[in-house]
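Here are the chains, one letter per residue:
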Amino acid sequence: MSSEKIWMNGKLMNWEDATVHVTSHALHYGSSVFEGVRAYATDNGPAIFRLDAHTERLIQGCKVAKIDLPYNAEEINEAIINTVAENDHESCYIRPLVMRGSGPWPSGLEGRKCPTDFIIITKEWGTYLGADALEKGANVQVSSWRRMAPDTHPAMAKVGGNYVNSQMIKMEAHDNGFDEGIALDVNGYVSEGSGENIFVIKNGVVITPGDWSSILLGITRDSILTLLREMGYEIRFQTIAREMLYMADEIFFTGTAAEVTPIAAVDRIPIGIGSRGPVTKQVQDEFFAITSGKKEDRHGWLTHIRQAVSEN
Ligand code: PMP
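*Asks:* Residue-level account of the site of the ligand, with values.
*Replies:* Among the 16 residues in the neighbourhood of the ligand, the closest are listed as Tyr163, Glu192, Ile219, Thr220 and Thr256. Arginine 57 has a polar side-chain atom sitting 2.9 Å from an oxygen atom of the ligand. Between an oxygen atom of the ligand and a side-chain N or O atom of threonine 220, the distance comes to 2.6 Å. For the ligand, whose free accessible area comes to 380 Å², the fraction covered by protein is 95%. Secondary-structure elements contributing two or more residues to the shell around the ligand are helix H6 (219-230) and strand E14 (250-255).

*Asks:* Go over the nonpolar core with me, naming the residues and quoting the values.
*Replies:* By size, the foremost hydrophobic cluster in this structure holds 24 residues, and its most contacted members are Ile48, Ile80, Ile94, Val98, Phe118 and Ile120. When contributions to this core are tallied by element, the ones reaching two or more residues are strand E4 (37-42), helix H2 (51-65), helix H3 (73-86), strand E6 (92-100), strand E7 (116-123) and helix H9 (305-311). When residues in this core are grouped by element, the largest group, 5 residues, is from H3. Discounting chain neighbours no more than four positions away, the residues touching valine 98 are Ser31, Ser32, Val33, Leu58, Cys62, Ile67, Leu69, Thr116, Asp117 and Phe118.

*Asks:* So, the packing of aromatic side chains: which residues are in play, and what are the values?
*Replies:* Scanning the entire structure with this criterion turns up 12 aromatic pairs. Judged by centre distance (5.3 Å) and plane angle (70°), the ring pair of phenylalanine 287 and phenylalanine 288 falls under edge-to-face. Here a set of aromatic residues connected by ring pairs shows up, and it is made of Tyr40, Phe49, Phe287, Phe288 and Trp301. Above the plane of the ring of tryptophan 15 lies lysine 123, whose end atom (NZ or CZ) is 5.0 Å from the centre. A cation over an aromatic ring shows up here: arginine 268 above the ring of phenylalanine 178, its NZ or CZ 4.3 Å from the ring centre.

*Asks:* Please set out a negative patch on the surface residue by residue, giving values where relevant.
*Replies:* Taken together, Glu86, Asp88, Glu90 and Glu124 make up a surface patch of like negative charges. Inspection of the secondary structure puts glutamate 124 in the loop between E7 and helix H4 (133-136). Given the relative accessible area of 47%, glutamate 124 is considered partly exposed.

*Asks:* Give me the lowdown on H3, citing residues and values where you can.
*Replies:* The terminal C-alpha atoms of H3 lie 20 Å apart, and with 14 residues this matches the ideal 20 Å at 1.5 Å per residue to within 8%. Here H3 starts with a cap whose side-chain oxygen sits 3.2 Å from the backbone nitrogen of glutamate 74, and that cap is asparagine 72.

*Asks:* So what's going on with the environment of arginine 276? Which residues, and what values?
*Replies:* The topology assignment puts arginine 276 in the loop between strand E16 (269-270) and helix H8 (278-291). With relative accessibility at 21%, the residue arginine 276 sits in the partly exposed group. The spatial distance from the C-alpha of arginine 276 to the C-alpha of glycine 137 is 6.0 Å, given a sequence separation of 139 residues. Excluding its chain neighbours within four sequence positions, the residues that come into contact with arginine 276 are Leu134, Glu135, Lys136, Pro262, Lys281 and Gln284. A distance of 3.5 Å separates a polar side-chain atom of arginine 276 from the backbone oxygen of leucine 134. Among the polar contacts made by the side chain of arginine 276, one reaches the side chain of glutamine 284 at a distance of 2.6 Å.

*Asks:* Would you mind going over the pairing of strand E15 (residues 259-266) in detail, with residue names and values included?
*Replies:* Put simply, side chains in a regular strand alternate between the two faces of the sheet. Burial runs high along E15: 8 of the 8 residues are buried. Relative to E15, strand E8 (residues 138-142) runs parallel, the two sharing 3 bridges. Bridge pairing in E15 links asparagine 139 to alanine 265. Where E14 folds back onto E15 in an antiparallel hairpin, the turn is made up of 3 residues. Both E15 and E16 contribute to a ladder of 2 bridges, which runs antiparallel. Paired with alanine 265 across the two strands is proline 270, which belongs to E16. Between E15 and E16, which pair antiparallel one after the other, the connecting turn spans 2 residues, and aspartate 267 there sits at a positive phi close to 55°.

Reading the values: rules and limits
- Residues numbered from 1 in each chain as written.
- Predicted model: local features only at pLDDT ≥ 70, side-chain atom pairs only at ≥ 80, totals over all residues.
- Heavy atoms only, no water.
- Near = heavy atom within 4 Å.
- Polar contact = N/O pair within 3.5 Å; in protein donor to acceptor, adjacent residues only side chain to side chain.
- Areas by Shrake-Rupley, 256 points an atom, 1.4 Å probe, with all protein chains shown as cover.
- Helix = DSSP H or I, 4+ residues; strand = E, 2+ residues; numbered from the N terminus.
- Core = buried A, V, L, I, M, F, W, Y, C linked by side-chain atoms within 4.5 Å.
- Buried < 20%, exposed > 50% of the residue type's maximum accessible area, 1.4 Å probe, protein only.
- Contact = heavy atoms within 4.5 Å.
- Phe/Tyr/Trp six-rings, centres within 6.5 Å; stacked < 30°, edge-to-face > 60°.
- Lys NZ or Arg CZ within 6 Å of the ring centre and 35° of its normal.
- Patch = residues over 30% accessible without salt bridge, like charges linked within 9 Å, V, L, I, M, F, W, Y side chains within 5 Å.
- Salt bridge = Lys/Arg side-chain N within 4 Å of Asp/Glu carboxyl O.
- Lys, Arg positive; Asp, Glu negative; His and termini not counted.
- Charge placed at Lys NZ, Arg CZ, Asp CG, Glu CD.
- Expected span 1.5 Å × (residues − 1).
- Pairing = 2+ DSSP bridges.

Written as structure tokens, this is what we have:
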């Protein structure tokens, strides 16, 4: 039993009461679109990082998946803010989920007669790839599973069904004793982790795969690109061959869950100094200084919960 509240279809309800029917379309066919968002602790209470960008990606994902979302951006933001406030979190992970629910049975693949369920779950959560990983770095492998070809699944939309691929990458990595896997794209170039974007540093230049490599356009990726540009780094969007990973000076992952996580080794080959490199540390420090409210929020990335609730 938990005292936490889950927001479901317009109402805050007890954790154990937030259930769906077994005939829900999304359970059978992966017809859902979701987000992963973090709220960080600051001196002024919890603050959601890049709420507008997450809400926008959720709306765009529903458009791609042709799922009716009966809420606009303002209503979604308000529901997320109220759920974090109601649960009294200092910091938390937030999971908004839009899914095709239970409709005519059997509904078959054409699920557009099924109603939409919209759910927001929040929970306090620490680091994703292990407590040490932010400093020491993660040990990763190149996965034998590739990312989807661009004409198969919509990689840029955070659709539930896409995450069968991510699960295969993650489980294979764990079974082989690694923290995470890196998938190559359909052409054999580096794409991304199971739930993270990837950055390579070589001779002071920042290299990251472009949107043609079947990546999710990560919101952390976008934030880190902004910070790296401000720091004066040259950034290249390019196709990255697997061996460039082994030759890199530094590699790091970005993601809402992974934040900015250095990569210590790929396929047991140490990367650079074999732990967090200087560019990674510089951008990681700046990222956490902003998310924690210690540095000015110069890009307007934080939504302070207390302030937002008092304005509503
Ligand atoms: N790629 C994939 C496949 C993901 O699931 C995620 C996590 N949402 C990311 C990259 C990183 O995206 P973001 O920074 O928006 O969390």
